[in-house]
Amino acid sequence: MYKSGRHFLQIPGPSNVPDRVLRAMDFPTMDHRGPDFADIGKKALEGMKSIFKTEQDVVIFPSSGTGAWEAALVNTLSAGDRVLMYETGHFATLWQALAKRLGLQPEFIPSDWRSGADPEKIEAYLRADKNHEIKAVCVVHNETSTGSVTQVKEVRDAIDSAGHPALLMVDSISGLASIDFQFDAWGVDVAVSGSQKGLMLPPGLSFNAISAKARAASAKATLPKSYWAWDEMKGPNEKGYFPYTPATNLLYGLNVAIDMLHEEGLDAVFARHARHGEATRQAVRTWGLDILCSDPRHYSNVLTTVVMPTGSSADAFRKTTLDNFDMSLGSGLSKVADRVFRIGHLGHFNDLMLMATLSGVEMGLKLASVPHNRGGAQAAMDYLTNSERPTEAIAAAQ
Ligand SMILES: *Cc1c(COP(=O)(O)O)cnc(C)c1O
C-alpha cells in the first residue's frame with residue numbers, strides 16, 4: 001500500500017543510498033570487455049585503495065560481504081589450519097562458522113558481546129602458541145550486531161609483541177568509510193568489506209584489500225578456490241577489467257560514492273559519524289536505557305545498540321515504530337534477539353535525519369509502553385546545537 005513520505009531505513013546496513021548514487025547507476029549497462037569500461041574499472045580499484053588507505057592491492061567481487069569473508073580465508077589458508085577468532089558478537093560468530101565449514105580449525109576467544117576484542121587476550125593466546133601453528137588472527141572491526149569497535153592497531157601491536165607471524169584479517173564491512181580504517185598504517189594483511197554500509201551503495205559488491213604478506217601466503221595456500229581466486233583477478237584488474245562479469249552498474253555507483261566521500265573529506269565523514277554517535281548515546285542515557293557496549297573506548301559511531309528494560313520486547317517495539325512511523329530499526333541477532341534494538345546512524349546521514357530517527361524512537365517507546373524517561377530527543381538536539389559541526393571543526397583545525 002502507498003505510504004506518503006520517505007521510509008526511514010535506520011538499520012545498520014543496508015544503509016540509505018543517496019540520490020546521486022542512484023542516478024549514477026541509472027545508466028545503460030555497458031560492455032564490460034569494451035574499451036570504455038577500463039576507465040571505470042581502474043577508477044573503482046584505485047578509488048577503493050584510497051578508502052582502505054592502502055597502496056597495496058584491492059579486489060572487488062560481485063557478492064555480499066560474506067563472499068569476501070570466504071575469499072579472505074580460501075586465498076591464504078590450507079585445510080586444517082588453526083585460526084584465532086574473537087567472539088565480539090553475531091558477525092564474528094558467523095565468520096567463525098564459515099571457517100569451520102571450509103575445513104579450518106577456528107579457535108574462538110569467548111566474550112559477553114559487550115565490547116570489542118581484548119588485545120591482551122589475543123597476545124596471551126599467541127604467546128602460548130610456541131610452534132606458531134596459528135596461521136591467522138581474525139577480528140571484526142565494527143561488530144554490527146552489538147555496536148562495539150575493536151581497536152585494530154592494538155591487535156596488530158599484540159601480534160607483534162607476541163612475536164607471532166600470523167596474518168591479521170579484519171572484517172570492516174560496516175566500519176569502512178564510517179569510522180577510520182588504515183590498512184597500511186595498521187599493518188592489516190587482509191581486509192574484508194561490502195558496499196551496503198558506509199559506502200552508501202545497495203548490497204552486491206564486496207572487497208578484499210591484500211597485503212604483500214597475504215599475497216605471499218596465497219601462493220602456498222591450498223584450500224580450493226575458483227570464483228574467489230585473487231590470482232585470477234590480478235591480470236585483468238591491471239588493465240581495469242575483471243575475469244568474469246562485474247556488477248557493472250554498481251561500479252558506476254561506487255565511483256560516485258567514492259567521489260562523494262572525498263568531496264566531504266574522510267576526516268569530516270568520520271567526525272560526522274562521531275557526532276551522531278555521541279548525540280544518540282546521550283539520547284539513550286536520557287531515556288534511562290542501557291547501551292549494549294559497556295566499554296566507552298569501544299563505542300561504535302556506526303550504530304547504537306539499546307538494551308530493552310526487563311519485560312519489554314524489542315521486536316514488539318520495532319513493529320510499533322514501523323507501523324506508526326514507517327521506520328525500520330535493527331533487530332537483536334541470535335543471543336540478544338528481542339532483548340535489544342539497533343539504531344543505525346551511518347552512511348548518507350545528517351543532523352535532521354538523526355533527529356527524525358530519535359524522535360521516532362522516543363514516540364515508539366511511548367506507544368509501545370516501554371518504561372523510559374522523556375527528553376532523549378531533546379538531549380540529542382541540545383548536543384547537536386551546542387557542538388561544532390564537523391566540517392567547521394576540521395576547517396578550523398587546518
Ligand atoms: C553486514 C555485515 C556482514 C555480512 O555481510 P553480508 O553482505 O550480509 O554478507 C558481516 N560482517 C559485518 C561486520 C557486517 O556488518
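Residues numbered from 1 in each chain as written. Predicted model: local features only at pLDDT ≥ 70, side-chain atom pairs only at ≥ 80, totals over all residues. Heavy atoms only, no water.

The protein has the name Serine--glyoxylate aminotransferase in an unreviewed UniProt entry, where Candidatus Filomicrobium marinum is given as its organism. UniProt annotates the protein under Cofactor (unreviewed entry) with the comment "pyridoxal 5'-phosphate". (UniProt positions renumbered as here; feature names shortened; annotations may be inferred.)

Undergrad: Can you walk me through the nonpolar core in this structure?
TA: Met48, Phe52, Ile60, Ile122, Val137, Met169 and Leu254 are the most contacted members of the largest nonpolar core, which totals 86 residues. Of the residues forming this core, the biggest block, 9 residues, is contributed by helix H9 (residues 248-264). When we break this core down by domain, the ones giving at least three residues each are domain 1 (8-15 + 265-397) and domain 2 (19-262). The next biggest cluster of nonpolar side chains, apart from the first, holds 25 residues, and it includes Leu329, Phe341, Phe349 and Leu384. (Core = buried A, V, L, I, M, F, W, Y, C linked by side-chain atoms within 4.5 Å. Buried < 20%, exposed > 50% of the residue type's maximum accessible area, 1.4 Å probe, protein only. Helix = DSSP H or I, 4+ residues; strand = E, 2+ residues; numbered from the N terminus. Domains from an automatic or database assignment.)

Undergrad: Could you clarify how one ought to interpret the domain arrangement of the protein in this entry?
TA: Buried accessible area, meaning the area lost when the parts come together, often serves as the stated size of an interface. One can read the domain layout of the protein as domain 1 (8-15 + 265-397) and domain 2 (19-262). Each side of the interface is counted separately: domain 1 has 30 residues, and domain 2 has 34 residues. Where domain 1 abuts domain 2, roughly 2600 Å² becomes buried across the two surfaces, and 57% of that area is made up of carbon and sulfur atoms. Taken as a group, Leu266, Phe270 and His298 account for 23% of the area that domain 1 buries against domain 2, more than any other trio of residues on that side. Counting across the interface, domain 1 meets domain 2 through 2 salt bridges. Close ionic contact of Glu87 with Lys335 constitutes a salt bridge, the shortest N to O distance being 2.7 Å. Taken together, the connections running from domain 1 to domain 2 amount to 18 residue pairs in polar contact (both at pLDDT 80 or more). Of all the secondary structure elements, the ones that give two or more residues to the side of domain 1 that touches domain 2 are helix H10 (266-287) and strand S12 (303-307). The leading source of residues in the side of domain 1 that touches domain 2 is H10, at 4 residues. When grouped by side-chain class, the residues that make up the side of domain 1 that touches domain 2 number 14 nonpolar, 12 polar and 4 charged. (Contact = heavy atoms within 4.5 Å. Buried area = accessible area lost by both parts, 1.4 Å probe. Salt bridge = Lys/Arg side-chain N within 4 Å of Asp/Glu carboxyl O. Polar contact = N/O pair within 3.5 Å; in protein donor to acceptor, adjacent residues only side chain to side chain. Nonpolar A, V, L, I, M, F, W, Y, C, P; charged D, E, K, R; others polar.)

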